[in-house]
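# Tertiary structure, described
Listed here are the chains, written in short residue letters.
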Amino acid sequence: FHLVAPWMLQRQDWECLHASAVLTEAGVVAFCGPAGRGKSTLARACQERGALAYADDAVPFLIRDGLAMAASIPQQSRLRQPAASWFQEPPGARANGSNGREVVYDLEPTLRPLSAVYWLEPMSDAALRIEPVPAAEGFRLLLGEAYCLTLDDLACNRKMVRNYLSLASLSPVFRLWFSPGREGIPSLLDRLEQNQRTIAHA
């Protein structure tokens with residue numbers, strides 16, 4: 001199911017973003033970007049601070065009552081080496097979205113507000129920083145990471161564009177510049193938590 005779910009969901013009311021995510025007290029936080037940017041690693045690091053595993057590689061979402069709402073589908077963590085060795089559990093040991101519960105395929109009970117999306121920009125010579133992205137640019141970035149079954153279905157394409165426009169305007173999108181490496185994770189998590197507190201009190 002988890003292999004075909006992103007494309008199946010797009011034929012319904014859902015869209016599916018190529019991202020990893022964790023569930024926090026403030027809602028779902030998603031980490032987005034092309035393959036190899038560190039999405040799974042950052043999500044796993046957030047779990048060390050108490051966040052719950054929520055999604056790895058695919059984050060379903062829909063727009064409901066003026067909010068962007070994310071859901072969780074069963075997925076195995078895809079940590080690569082050397083990142084997998086940074087944590088106690090080996091890669092694949094934790095099923096994102098289930099958190100030890102019995103896996104179910106009804107997404108409604110897992111719906112939570114999508115509080116923020118971070119576009120990852122790993123740069124070895126860049127200082128750690130987080131900057132808000134204008135909605136128009138956020139739309140362009142996120143649409144480029146959309147799971148899309150076909151581009152031949154005009155009605156489905158219109159729905160996808162409409163939903164991603166809504167996502168970029170309803171959930172704040174940030175660029176996150178950071179230096180990859182284990183030694184930088186604590187300060188990165190500190191900055192993320194600070195930014196999330198700012199969002200919550202905005």
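Everything below is about the structure shown above.
Summarised in this report is the structure supplied together with it. (Residues numbered from 1 in each chain as written. Predicted model: local features only at pLDDT ≥ 70, side-chain atom pairs only at ≥ 80, totals over all residues. Heavy atoms only, no water.)

## Observations concerning the overall build of the protein
The secondary structure content of the protein amounts to five helices and eleven strands. Out of the 202 residues belonging to the protein, those deemed buried represent 50%. Within the protein, contacts between residues separated by at least 24 positions form 76% of all contacts whose residues are at least 6 apart in sequence. In the form shown here, the protein has an accessible surface area of approximately 10,000 Å², with 54% of it arising from carbon and sulfur atoms. (Helix = DSSP H or I, 4+ residues; strand = E, 2+ residues; numbered from the N terminus. Buried < 20%, exposed > 50% of the residue type's maximum accessible area, 1.4 Å probe, protein only. Contact = heavy atoms within 4.5 Å. Areas by Shrake-Rupley, 256 points an atom, 1.4 Å probe, with all protein chains shown as cover.)

## Examining unusual backbone geometry
Its identity is not glycine, yet Asp-57 carries a phi of approximately 90 degrees, on the positive side. Looking at the secondary structure, you find Asp-57 in the loop between β4 (52-55) and β5 (59-64). At Asp-65, a residue that is not glycine, the phi angle is positive and equals roughly 55 degrees. In this structure, Asp-65 sits in the loop between β5 and β6 (67-70). Note on Asp-65: relative accessible area 76%, which makes it exposed.

## Observations regarding the packing of aromatic side chains
Taken as a whole and assessed by the stated rule, the structure comprises three aromatic pairs. Note on Tyr-118 and Phe-174: the rings are 5.3 Å apart at their centroids and 20 degrees apart in plane angle, and the pair reads as stacked. Note that Tyr-118 is positioned in strand β9 (residues 112-122) and Phe-174 in strand β11 (residues 173-178), a separation of 56 residues in sequence. The buried category is assigned to Tyr-118, whose relative accessible area is 0%. Classification of Phe-174 by relative accessible area gives buried; the value is 8%. Here the aromatic cluster, defined as three or more aromatic residues joined through ring pairs, consists of Phe-31, Tyr-118 and Phe-174. (Phe/Tyr/Trp six-rings, centres within 6.5 Å; stacked < 30°, edge-to-face > 60°.)

## Concerning the pattern of salt bridges
Under the criterion given, the structure shown has ten salt bridges. With a shortest N-O distance of 3.2 Å, Glu-131 and Arg-129 are connected by a salt bridge. With relative accessibility at 31%, the residue Arg-129 sits in the partly exposed group. (Salt bridge = Lys/Arg side-chain N within 4 Å of Asp/Glu carboxyl O.)

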